[in-house]
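Spelled out, the chains give:
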Amino acid sequence: MTTMKAATVIDYIVQRLADEGVEHCFGVPGDYAFPVGDAVDRNPNIKWIGCSNELNASYAADGYARARGAAMLSTTYAVGELSAINGVMGAKAERSLVFHVVGMPSYQNQRLRKTMHHTLGDGIFDKFIDISAQAACCHAVINPDNCVIEMERVIAEARRNNQPAYIVVPSDYALAPITPADVRPMTIKSNETSLQKAVAAITERLKSAKSVVALPAFTISRLGLQKEAREAIEALGCPFATTSMEKSIIDESHPQFAGMYSGVLSAEETKKIVEGAELVLDIGGVSLNDETTMGFSTHLDPAHFISIGLNDVRVGDQLFGNVRLADTLAALAKLKSVTPRYKRKPEDNPSITGKPSDKITMDALYPRYAAFIRSGDNVVLESGSSSFGVPPLTLPDDVQVHIQMLWGSIGWATGASFGIALADLKRKTILITGEGSHQLTANEIGNMGRFGANPIILCLNNDGYMVERALEPNPDWTYNDLAKWRYADVPHALGCTDWFTARVETLGELDAALKAARESKSGAYIEVIGGRMDMPKGLAFAHTRLKELYGETP
């Protein structure tokens, strides 16, 4: 940890977050937050990344945190923080650690109840704190006396839950010197007795179960525990399956991988393994929501589950608290398999079909995407057609897939791709999105070029909100129509003049554009023209499950 002797409050906050591995701060400037931006600019360990709006910045911070482990977001009081709150709330829902730092009016003006801009004009300044705090797992209003103590508290709590922390500081306090305090960073450890009891209970259930399957959860990747999860699964020898939220969380070439589990759309062998298991080992808190289960089409008995959470373990009616996930995985990796080691039967992706002159269909498109993706790529999937089209296909090893399947805020993937790309510029980031989602946040492309993120963007243009058309009985309501953008022109209009761009309507044009995109030294953007009601199998199936998804119509 970097020690700071004579530091201002805001310098201390920024450096303390840099100590947590944060090297970029996403945000939009504002006068109450000027001290935050100033502190970032003068700190050699962290770089300011200006975004087009606060919502985009929150999405970018979420993506960065997924890839890096933690992120920093800076917004101004009220108008800025409230614009960002959707993205921060999504990070909370999907366990992404974002430190949201907000500059607010000076303590002096608050005490004098002055009528200031960005307020309701009533002299009350703390009402927005309650709102923004709901998007975080912890929060602190910082002053010179509590700065050191409160920063350690919120960092520890945010790490414990792997969810956002909200840090708000009045602009005059931000520039004041901190009051020194003898506080050290907290190390979160398991209670050894509780850990031993939890592992003993798990071991007992494993011994008595005739069949076991592991479901590693999305939280494994948030905490960077993929290796530890794999080693535990290898020690147990059991098969493991993933839902779409955990796509490629462990390499899909692994011999114990039993496939993607998605309810009735699962491969028959995968469904048999998962639903027929006497014991389901939930590693990290798997989210069996309406989308990962294909409209609640699963047949799973909760009584068969052992749930290993971030901070506790549940075995039947027994709950063991103060047990960290990493420590539980390390203990499981020392166990020996009590059943024969599972070995999968590899399945091939659908073959690439179609003549060069053929129009682009979803059946032809997604196998091409799977073949295009390489080891070492980051793949970002928008909620909608791409989140149903890509996950069923097998991807190469060392591919990181990012998807917001639970919160499902359209537009997230474009902003998140920016943060994910900057988190590790050595990996190529590929954004696969639909035009409806993309229109919400496409202005962030300018900053992708400005800061050298250089992703490959594959935007499906199918004349409207495809996912909305799929999820209602009548797909032709006018509210599912969109402005007809010339998507392939967007990057150049936003300053990305050296990007490769293309608009493709046939399979031959698509194949040539994908090749050129991979060869581009900067970013690339391909507008893919698809059929208005041509959708991936999973999305078409969702259209048949509207009653299960939304309930009976009165």
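Residues numbered from 1 in each chain as written. Predicted model: local features only at pLDDT ≥ 70, side-chain atom pairs only at ≥ 80, totals over all residues. Heavy atoms only, no water.

Q: Help me understand helix 1 (residues 9-19) in this model?
A: Along an α-helix, a turn takes 3.6 residues, which lines up residues three or four apart on a common side. Counting buried residues along helix 1, 10 of its 11 residues qualify, which places the element largely inside the surrounding structure. Within helix 1, the full set of buried residues consists of Val9, Ile10, Asp11, Tyr12, Ile13, Val14, Gln15, Arg16, Leu17 and Ala18. Residues of helix 1 that are buried in the fold lie against helix 2 (34-42), strand 3 (71-76), strand 4 (98-104), helix 7 (147-161), strand 6 (165-170) and helix 8 (171-174). Once helix 1 finishes, Gly21 follows within two positions and takes phi at roughly 95°, a positive value. (Buried < 20%, exposed > 50% of the residue type's maximum accessible area, 1.4 Å probe, protein only. Helix = DSSP H or I, 4+ residues; strand = E, 2+ residues; numbered from the N terminus. Contact = heavy atoms within 4.5 Å.)

Q: Looking at this structure, how should I read the sheet that holds strand 3?
A: Two orientations exist for strands paired in a sheet by backbone hydrogen bonds: parallel and antiparallel. Ordered by their spatial adjacency, 6 strands build an open sheet running 2-1-3-4-6-5, and the pairing between neighbours is parallel. Each end of this open sheet is capped by a strand with a single partner; those strands are strand 2 (47-50) and strand 5 (138-141). Strand-to-strand twist of the sheet, defined as the mean angle between neighbouring strand axes without regard to direction, takes the value 20°. Direction of pairing for strand 3 relative to strand 4: parallel, over a ladder of 6 bridges. Pairing of Ser74 across the sheet is with Val101, part of strand 4. Here helix 1 sits on the sheet and contacts strand 3, strand 4 and strand 6; the angle it forms with strand 4, its principal contact strand, is near 170°. Against the sheet, helix 3 (residues 54-68) makes contact with strand 1 (24-27), strand 3 and strand 4, and its axis sits at roughly 165° relative to strand 3, the strand it touches most. (Pairing = 2+ DSSP bridges. Axes fitted to C-alpha atoms, helices over the stretch in contact; angles between N-to-C directions.)

Q: I would appreciate a short explanation of the pattern of salt bridges in the present structure.
A: When the charged atoms of two side chains lie near each other, side chains of opposite charge can form a pair. Within the structure shown, the criterion is met by 29 salt bridges. A salt bridge links Arg427 to Asp398; the nearest nitrogen and oxygen atoms lie 3.3 Å apart. Taken together, the residues span a long stretch of sequence, with Arg427 in the loop between helix 16 (412-423) and strand 16 (429-434) and Asp398 in the loop between helix 15 (385-389) and strand 15 (400-403) at a distance of 29 residues. Taking relative accessible area as the criterion, Arg427 reaches 13% and is therefore assigned buried. Linking Arg532 and Asp463 is a salt bridge whose minimum nitrogen-to-oxygen distance equals 3.7 Å. You can see Arg532 sitting in the loop between strand 19 (524-529) and helix 22 (537-542) and its partner Asp463 sitting in the loop between strand 17 (456-461) and helix 19 (466-470), a full 69 residues away along the chain. The class for Arg532 is partly exposed, based on a relative accessible area of 30%. (Salt bridge = Lys/Arg side-chain N within 4 Å of Asp/Glu carboxyl O.)

It is worth stressing that arrangement in space is one thing and function is another; only the former is reported here.
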